[in-house]
Amino acid sequence: AATDPLGAGGTGAYATIASLPATLYRHSEASYNGYVFVTGGSTGSVVSTVYSAKINGDGTLGAWQTLTGLPVITSFHGSVAYNGYLFVAGGNTGSVVSTVYSAQIKSDGTINAWQTLTALPAVRQQLGLVASNGYLFALGGESAGATTSTSTVYSAAITGDGRVGTWATLTQTLTVALYGFGATAYNGYIFVTGGFTGSAAVSTSYYAGVKSDGTLT
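Residues numbered from 1 in each chain as written. Predicted model: local features only at pLDDT ≥ 70, side-chain atom pairs only at ≥ 80, totals over all residues. Heavy atoms only, no water.

Novice: Teacher, can you tell me more about the overall build of the protein chain here?
Specialist: In terms of regular secondary structure, the protein chain is built from 0 helices and 15 strands. For the protein chain, the C-alpha radius of gyration of 17 Å lies close to 17 Å, the compact-globule estimate for 217 residues. Expressed as a percentage of its 217 residues, the buried residues of the protein chain come to 45%. For the protein chain, the computed accessible surface area is about 10100 Å², with 51% contributed by carbon and sulfur atoms. (Helix = DSSP H or I, 4+ residues; strand = E, 2+ residues; numbered from the N terminus. Rg over C-alpha atoms; globule rule 2.2 N^0.38 Å. Buried < 20%, exposed > 50% of the residue type's maximum accessible area, 1.4 Å probe, protein only. Areas by Shrake-Rupley, 256 points an atom, 1.4 Å probe, with all protein chains shown as cover.)

Given below as C-alpha cells:
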C-alpha cells in the first residue's frame, strides 16, 4: 500500500504524498476532522500563508488549498486544533511575540476569519502548544533569541466561541527550560519530547496529567 496504518505502536514504510504548494520550514502543523492544516513558516521569507489538505482513507492527502492567511507573517509559532477551532500562538514576526489567534474550522477544511485572543503573559517562540480537557496550554519556548529557554507553562480555558479566558501561570513547570521540542496531548495527558535547553540538545521525554481546572499533576 502507498501508506500503512499504525499497528502495535509502530508505522509502516513512509511514502511521499501531495507536496505543499511552496517550499516551507519553521511552520507549524495541526490536524482536525479529516484535514491537515499548515500555518506560517518561511519560504526564505517569513509568510502568513495557511494551507489545508483532506486526509484520504488510505492515509494519502488530497490537493492542498490556500486558506485565509494569518493576520501577520510568523514562524517558530505553535499551533493546535481543538473543538472546531485552529489556534496559533507566539512565534516570531520579526521579533518574538505573545499574540494568540484562532479561526473556526469549516466542514470542507477551510476556515473563517482569524480572531485575536487574549495574548500570552510573555513573548514566546519555539514553544509547544497543545489542548486538552477544555484548556489551551503554552509550554516552554524562547523568550527572545538563542539561549533564552524557559520552563514556564501557561493555561487558559477555551470558550465555546473559540476564544480563551485569562492565562494562568502554572506552578507545574517543565522539568527543565526548553525550546524546539515536540509536544502533544492525548487522553488527558501532555507529552513533551526532546528539545534544546539553550546549551544542549536533549533526548528526554516528559509527561503530565491534565486536571479539570486546567492545572497539571
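Read on, since the account is not over.
Novice: It is not clear to me how the sheet that holds strand E3 (residues 50–54) should be interpreted in this structure. Could you clarify?
Specialist: Pairing between the strands of a sheet comes from backbone hydrogen bonds, and it takes one of two forms, parallel or antiparallel. In spatial order, the strands read E1-E2-E3-E4; together these 4 strands make up an open sheet with antiparallel pairing. A strand with exactly one partner marks an edge of an open sheet, and here the two such strands are strand E1 (28–32) and strand E4 (65–66). One ladder, built from 2 bridges, connects E3 with E4; its direction is antiparallel. The residue bridging Tyr51 from the neighbouring strand is Thr66, located in E4. (Pairing = 2+ DSSP bridges.)

Novice: How should I be thinking about the layout of surface pockets in this particular structure?
Specialist: Volume-wise, the largest pocket comes out at about 800 Å³. The wall of the largest pocket is formed by 35 residues, among which Ser28, Glu29, Ala30, Ser79 and Ala183 lie closest to the centre. For the lining of the largest pocket, the secondary structure elements donating two or more residues are E1, strand E2 (35–39), strand E5 (78–82), strand E9 (128–132) and strand E13 (182–186). (1 Å grid on protein atoms, 1.4 Å probe; cavity = no way out; pocket = protein on both sides within 12 Å on 5 of 7 lines; lining within 4 Å. Points joined across faces, edges and corners; volume = space filled by probe spheres on them.)

Novice: Even after reading the chapter, I still don't get the nonpolar core, so can you show me in this structure?
Specialist: Generally speaking, a soluble globular protein has its nonpolar side chains buried in company with each other. Counting 17 residues, the largest nonpolar core has Phe87, Leu120, Leu129, Leu136, Ala138, Val164 and Trp167 as the members making the most contacts within it. Counting only elements with at least two residues in this core, the list comes to strand E6 (85–89), E9, strand E10 (135–139) and strand E11 (153–157). With 3 residues, E6 is the single largest residue contributor to this core. Not counting the four nearest positions on each side in its chain, Phe87 is found in contact with Gly78, Ser79, Val80, Tyr82, Tyr101, Ser102, Leu117, Leu129, Leu136, Ile158, Gly162 and Val164. (Core = buried A, V, L, I, M, F, W, Y, C linked by side-chain atoms within 4.5 Å. Contact = heavy atoms within 4.5 Å.)

Novice: Honestly, the pairing of E5 in this entry has me stumped. Any pointers?
Specialist: Looking along a regular strand, one sees side chains alternate from face to face of the sheet. Of all 5 residues making up E5, 4 are buried, and the element is well covered by its neighbours. One ladder, built from 5 bridges, connects E5 with E6; its direction is antiparallel. Residue pairing for E6: Gly78 is matched across the bridge by Ala89. The hairpin formed by E5 and E6 contains 2 residues between the paired strands, and Asn83 there has a positive phi angle of roughly 50°.

Novice: Would you mind showing me how to read the pattern of salt bridges here?
Specialist: Throughout the structure, instances matching the rule amount to 1 salt bridge. With a shortest N-O distance of 3.9 Å, Arg163 and Asp161 are connected by a salt bridge. Look at Arg163 and you get partly exposed, because its relative accessible area is 34%. Classification of Asp161 by relative accessible area gives partly exposed; the value is 40%. (Salt bridge = Lys/Arg side-chain N within 4 Å of Asp/Glu carboxyl O.)

Novice: Mind showing me how you'd approach the sheet that holds strand E15 (residues 205–209) here?
Specialist: Taken in spatial order, the 3 strands line up as E13-E14-E15 in an open sheet, and their pairing is antiparallel. One side of each edge strand has no neighbouring strand; the edge strands of this open sheet are E13 and E15. Within this sheet the neighbouring strands show an average axis-to-axis angle of 15°, counted without direction. (Axes fitted to C-alpha atoms, helices over the stretch in contact; angles between N-to-C directions.)

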